Amino acid sequence: MNTTLSFIKLASEIRVKAYAPYSRHRVGACLVTQDDHIFLGVNVENCSFPLGVCAERVAIYKAVSEGYLKFKKLVLVTGNEEISAPCGGCRQVIREFAPDLEIIVANPKNLYKTFFLKDLLPHAFSPESYLKGQDPSS
Ligand code: THU
């Protein structure tokens, strides 16, 4: 099995743990760090809808909270026949840590498509933009 397929398998296996009783849209994520550690995530919804969090963010926050800040690949599996790329909020969170991230999105039949964050979020607001916009302290 090639590495992409093995990451798809991990994302697909974790996807069953998604807590998505409201949308019933389950997402599994497999995040690969620059030094080949793997963090898995699922979407976790809440009866207070805005508090739900996407699978991508769960995986990223798990990694960051364990001290891993550099990522090379994010693999997602959704229940969609049609490949669906990460939501806008997740694109911004990914941008914070991995502007060049390769993102692979697979459907339940293991068909997948590769994206790059740069193409999904051009002209992004970045940590550099934030610093450049700060007023000098007085
Ligand atoms: N969701 C993700 O986990 N990742 C995305 O990129 C898009 C949406 C989740 C959020 C919510 O729990 C459900 O899918 C429906 O929007």
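Below or above, wherever it landed, is the structure these notes cover. All figures in this text were calculated on a predicted structure; none of them were measured in a lab. (Residues numbered from 1 in each chain as written. Predicted model: local features only at pLDDT ≥ 70, side-chain atom pairs only at ≥ 80, totals over all residues. Heavy atoms only, no water.)

1. Observations concerning the overall build of the chain
In terms of regular secondary structure, the chain is built from five helices and five strands. Taken from the N to the C terminus, the helices and strands of the chain come in the order α-β-β-α-β-α-β-β-α-α. Relative to its length of 138 residues, the chain is compact, with a C-alpha radius of gyration of 16 Å against a globular reference of 14 Å. For the C-alpha atoms alone, the extent of the chain along its principal axes is close to 55 × 40 × 30 Å. Residues classed as buried in the chain amount to 37% of the 138 residues present. Considering only residue pairs separated by 6 or more positions, the chain has 59% of its internal contacts joining residues 24 or more positions apart. Entry remark: accessible area of the chain is about 8,300 Å², with carbon and sulfur atoms responsible for 54%. Of the charged side chains in the chain, 16 are positive and 14 negative; the average position of the first set lies 5 Å away from that of the second. (Helix = DSSP H or I, 4+ residues; strand = E, 2+ residues; numbered from the N terminus. Rg over C-alpha atoms; globule rule 2.2 N^0.38 Å. Buried < 20%, exposed > 50% of the residue type's maximum accessible area, 1.4 Å probe, protein only. Contact = heavy atoms within 4.5 Å. Areas by Shrake-Rupley, 256 points an atom, 1.4 Å probe, with all protein chains shown as cover. Lys, Arg positive; Asp, Glu negative; His and termini not counted. Charge placed at Lys NZ, Arg CZ, Asp CG, Glu CD.)

2. A word on the site of the ligand
Neighbouring the ligand are the residues Ser23, His25, Val27, Asn43, Glu45, Cys54, Ala55, Glu56, Pro86 and Cys87. Glu45 has a polar side-chain atom sitting 2.5 Å from an oxygen atom of the ligand. Interatomic distance of 2.5 Å between a side-chain N/O atom of Glu56 and an oxygen atom of the ligand. Notes on the ligand: free accessible area 370 Å², of which the protein chains cover 74%. The cavity where the ligand resides is the largest pocket. Class assignment for the residues of the shell around the ligand results in five nonpolar, three polar and two charged. (Near = heavy atom within 4 Å. Polar contact = N/O pair within 3.5 Å; in protein donor to acceptor, adjacent residues only side chain to side chain. 1 Å grid on protein atoms, 1.4 Å probe; cavity = no way out; pocket = protein on both sides within 12 Å on 5 of 7 lines; lining within 4 Å. Sits in = over half its atoms within 2 Å of the grid points. Nonpolar A, V, L, I, M, F, W, Y, C, P; charged D, E, K, R; others polar.)

Treat this as a map of the structure, not an account of what it does.
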